Amino acid sequence: MNDETLTAATRAGEKAAAGMLGVRVRQLDPAALDVRVLTLAATDGSPLPRFTPGAHIDVHLPSGIVRQYSLCGEVSDSSQYTIAVKLEESSRGGSRYVHDALREGDLLRISAPRNNFPLRAGAGRHLLLAAGIGITPLLAMARQLVATQEDFHLHYFARSYAHATFADLLGAPFFRDLTTLHLSLDAEATGLQLGRILADGSDRCDLYICGPRPFIEAARGVAHTQGWPEDNIYVEHFGALPVSTVAAGAFTVRLARTGRSVDVGPSETIVAALAKEGVGIPTSCESGICGTCITGVLDGVPDHRDDVLSASDRTSYRHVVPCVSRSKTPVLVLDL
Ligand code: FES
């Protein structure tokens, strides 16, 4: 990338930061069973904002649905973004639309990239564990680590070769020795395999995990058993939290800037309760995974239910994710 392109990409980033970005679906390809890969380019042909491995974008579909997808292409390529969309059996319209209705040439709006799952500098080695469509952010990381010639290995768990997204790419010469596919394992065999992989950890090795919730919990559990330091484990979840984890007892939120108090019922979120009172908080996933709605806390103790705040954010009690989280104290004072 030359300086002129860099400047243009920076301008594109500033433009996108101020609002949405218009893109055209340049290409739609199958990448595995029930997975479509979308290549997106700016409608006006300008460079897209730069991103770092682990970043995601919000995709605004014509129906008004907004979904988050990790960017899995080359970070150095500002001419296009690549995302992969798995058709979810329980689709509420997002992945179903992408698979059944979206066509090459269609126009979409997207957000600027955001990164809640960055690749940390300074590790001696990186161990990447992916399952299912969780391969997407880790593929971007693997591409980067190949480019920078850093030490890493990617372990990818999938139901079968046909279900393994980007399996052909991962088998290409520049990835082959750096990637291991684990196919058709049940939960017990997956746990045993994770035990073998994580027994190989070292003090200077960072561990990145992405995939369905049961896989993440299994991998985290094995890592803890094997003595991996929590500070070396980085996780990104896919999918919404079960509704039952969102509901709990009632409490009150107080808005510090106006002094208003709003009651939050046992079955509603802080976002929903405030919206009823005309107080809008920007949201995107509404599942506690994207970070769009993170809000400052000035007093009270949040009951964290999200998958986006870091361990130190959780214990500082200075932020809450109001689309899913609640309060452990009767009153939670928000910086609103
Ligand atoms: S809207 Fe995504 S974390 Fe709240």
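To be clear, the structure that these remarks concern was listed above.
Note that the structure is a prediction, hence the values are computed from the model and not measured. (Residues numbered from 1 in each chain as written. Predicted model: local features only at pLDDT ≥ 70, side-chain atom pairs only at ≥ 80, totals over all residues.)

*Asks:* Looking at this structure, how should I read the overall build of the chain?
*Replies:* Along the chain, the regular secondary structure elements total 10 helices and 18 strands. Scored against the burial criterion, the 336 residues of the chain give a buried share of 38%. Considering only contacts in the chain between residues 6 or more positions apart, those separated by 24 or more positions represent 67%. (Helix = DSSP H or I, 4+ residues; strand = E, 2+ residues; numbered from the N terminus. Buried ≥ 20, exposed ≤ 12 C-beta atoms within 10 Å, placed from the backbone. Contact = placed C-beta atoms within 7 Å.)

*Asks:* How do you make sense of the sheet that holds strand β1 (residues 21–32) when you look at a structure like this?
*Replies:* The strands making up a sheet associate through backbone hydrogen bonding, with each pair oriented either parallel or antiparallel. The strand order β4-β3-β6-β1-β2-β5 describes an open sheet built from six strands, whose pairing is antiparallel. Either end of the sheet is taken by a strand with one partner, and the two such strands are β4 (66–70) and β5 (81–86). Sheet twist, expressed as the mean angle between neighbouring strand axes with direction ignored, is 40°. Pairing between strand β2 (residues 35–42) and β5: six bridges, direction antiparallel. (Pairing = 2+ DSSP bridges. Axes fitted to C-alpha atoms, helices over the stretch in contact; angles between N-to-C directions.)

*Asks:* Can you help me understand helix α7 (residues 213–225) in this one?
*Replies:* Turn by turn, an α-helix covers 3.6 residues, leaving residues three or four places apart pointing in a common direction. When the terminal C-alpha atoms of α7 are compared, their 18 Å separation across 13 residues agrees well with the 18 Å that a helix rising 1.5 Å per residue should span. If you check which residues of α7 are buried, you get Phe215, Ile216, Ala218, Ala219, Val222 and Ala223. Taken around the axis of α7, the buried residues stretch over an arc of 165°, which confines them to a single face. Summarising the geometry of α7, the exposed residues directed more than 90 degrees from the buried face are Pro214, Gly221 and Thr225. Structurally, α7 contributes buried residues whose contacts are with β7 (125–131), β8 (152–158), α6 (187–198), β10 (205–211) and β11 (233–237). In the segment just after α7, glycine 227 is the residue with positive phi, at about 85°. (Expected span 1.5 Å × (residues − 1). Arc of directions from axis to C-beta.)

*Asks:* Is there a simple way to think about the nonpolar core in this case?
*Replies:* If you look at soluble globular proteins, the nonpolar side chains tend to sit buried side by side. With 64 residues, the main nonpolar core has Leu128, Ala130, Leu138, Tyr208 and Ala219 as its most contacted residues. Residues lining this core come from more than one domain, with at least three contributed by each of domain 1 (3–110) and domain 2 (125–237). Listed in part, the 19 residues of the second largest apolar core include Cys290, Val308, Val321 and Leu332. (Core = buried A, V, L, I, M, F, W, Y, C linked by C-beta atoms within 7 Å. Domains from an automatic or database assignment.)

*Asks:* Can you help me understand the pairing of β2 in this one?
*Replies:* A regular strand places its side chains on the two faces of the sheet in alternate fashion. Here β1 pairs with β2 via eight bridges, running antiparallel. Residue pairing in the sheet places valine 25 in a bridge with leucine 40 of β2.

*Asks:* Can you help me understand the sheet that holds strand β16 (residues 319–320) in this one?
*Replies:* Strand order in the open sheet made by the five strands is β13-β12-β18-β14-β16, with mixed pairing throughout. One side of each edge strand has no neighbouring strand; the edge strands of this open sheet are β13 (261–264) and β16. Sheet analysis places strand β12 (residues 251–255) next to strand β18 (residues 331–334), joined by four bridges and oriented parallel. The residue of β18 that forms the bridge with valine 253 is leucine 332.

*Asks:* Would you take a moment to explain α6 for this structure?
*Replies:* With 12 residues, α6 ought to run about 16 Å at 1.5 Å a step, and its terminal C-alpha atoms sit 16 Å apart, in line with that. Among all positions of α6, only Leu194, Ile197 and Leu198 are buried. One face of α6 carries all of its buried residues, which in axial projection span an arc of 80°. Along α6, exposed side chains directed more than 90 degrees from the buried face belong to Glu188, Ala189, Leu192 and Arg196. Against β8 and α7 lie the buried residues of α6.

The analysis is restricted to geometry; functional conclusions fall outside its scope.
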